[in-house]
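# Structural features, examined
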Amino acid sequence: EDKVVQSPLSLVVHEGDTVTLNCSYEVTNFRSLLWYKQEKKAPTFLFMLTSSGIEKKSGRLSSILDKKELFSILNITATQTGDSAIYLCAPRSGTSYGKLTFGQGTILTVHP
Amino acid sequence: GAGVSQSPSNKVTEKGKDVELRCDPISGHTALYWYRQSLGQGLEFLIYFQGNSAPDKSGLPSDRFSAERTGGSVSTLTIQRTQQEDSAVYLCASSQGTGPGETQYFGPGTRLLVL
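Residues numbered from 1 in each chain as written. Chains lettered and ligands numbered in written order. Predicted model: local features only at pLDDT ≥ 70, side-chain atom pairs only at ≥ 80, totals over all residues. Heavy atoms only, no water.

A count of helices and strands for chain A gives 0 helices and 10 strands. Against the compact-globule benchmark of 13 Å for 112 residues, chain A has a radius of gyration of 13 Å, which places it among compact chains. Across chain A, every contact between residues at least 6 apart in sequence was considered, and the portion connecting residues at least 24 apart equals 55%. On chain A, roughly 5300 Å² of surface is accessible, and the fraction owed to carbon and sulfur atoms is 50%. (Helix = DSSP H or I, 4+ residues; strand = E, 2+ residues; numbered from the N terminus. Rg over C-alpha atoms; globule rule 2.2 N^0.38 Å. Contact = heavy atoms within 4.5 Å. Areas by Shrake-Rupley, 256 points an atom, 1.4 Å probe, with all protein chains shown as cover.)

Residues and elements named next belong to chain A. Residues of strand β1 (residues 3–7) alternate between two faces, with Val4 and Gln6 buried on one and Lys3, Val5 and Ser7 left unburied on the opposite face. For β1 and strand β3 (residues 19–26), the ladder comprises 5 bridges, and the chain directions are antiparallel. The residue bridging lysine 3 from the neighbouring strand is glutamate 26, located in β3. (Buried < 20%, exposed > 50% of the residue type's maximum accessible area, 1.4 Å probe, protein only. Pairing = 2+ DSSP bridges.)

Let us look at the sheet that holds strand β10 (residues 106–111) of chain A. Residues and elements named next belong to chain A. In spatial order, the strands read β2-β10-β9-β4-β5; together these 5 strands make up an open sheet with mixed pairing. On the outer flanks of this sheet lie β2 (10–14) and β5 (43–49), each paired with one strand and no other. Ignoring strand direction, the axes of neighbouring strands in this sheet form an average angle of 25°. In this sheet, β10 lies alongside strand β9 (residues 85–93) in antiparallel orientation, the contact comprising 3 bridges. The partner of alanine 85 across the bridge, within β10, is leucine 108. (Axes fitted to C-alpha atoms, helices over the stretch in contact; angles between N-to-C directions.)

Another aspect to go through is the interface of chain B and chain A. Residue-level contacts link 27 residues of chain B with 21 residues of chain A. Carbon and sulfur atoms make up 55% of the area that chain B and chain A hide from each other, which totals about 1800 Å². Looking at the side of chain B facing chain A, the largest losses of area belong to Leu43, Pro100 and Phe106 of chain B, adding up to 27% of the total buried there. Connecting chain B to chain A are 0 salt bridges. Counting every contact that joins chain B to chain A gives 4 residue pairs in polar contact (both at pLDDT 80 or more). Looking at the side of chain B that touches chain A, the elements with two or more residues in it are β4 (31–37), β5 (43–50), β6 (53–56) and β9 (88–95) of chain B. Taken together, the residues that form the side of chain B that touches chain A break down as 11 nonpolar, 13 polar and 3 charged. (Buried area = accessible area lost by both parts, 1.4 Å probe. Salt bridge = Lys/Arg side-chain N within 4 Å of Asp/Glu carboxyl O. Polar contact = N/O pair within 3.5 Å; in protein donor to acceptor, adjacent residues only side chain to side chain. Nonpolar A, V, L, I, M, F, W, Y, C, P; charged D, E, K, R; others polar.)

Overall, the coordinates contain 6 salt bridges over all chains when judged by the stated rule. Here lysine 17 of chain B ties to glutamate 14 of chain B by a salt bridge, and the two come within 3.7 Å at their closest N and O atoms.

Structure representation (structure tokens):
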């Protein structure tokens, strides 16, 4: 059975802090890993990672994948209150037409 | 449309009643997925459509749950004889295809409350 574990489950920081969110996974026939940000209901896409060691960046957010050790991290630098959300990681299996298996998420709260 | 849309946004029903949840994917997206998110939990896969067929229904929790897709577009998730444990946010996502480089785009979800 595919497994995804995210840590920490919740995190409270102040604006300007840097945070690192972790995602470890075990999936059959791994293809890629996606990160989403969920503020209210609809998760919004952040990154898709397919290759080890290649960092993806978007503004203050960056992410990297380690396919040997089966984990990914999401970094947010200079956090802002608007970064407060649930961050979900979802590895994709190649055995079931791209089905995503989601972790339970990390709840990030950024205080002013 | 511009994005995935779902209706209704919120649904309150009584235990034992049937409900239908609708998803309208992004135009041209052939793949459609239904997920469920219970309070404090991650997203749980329910069913996947490629066109009008459902190659993977493995996540449907019981035979009270069914889904269909018509015309390769709109999908309906039906829950019969609802139970309180069915209360959750039901999210729909679509993607252009199912290759490893495809991204799933999510709708705003339907929040279902079974009293």
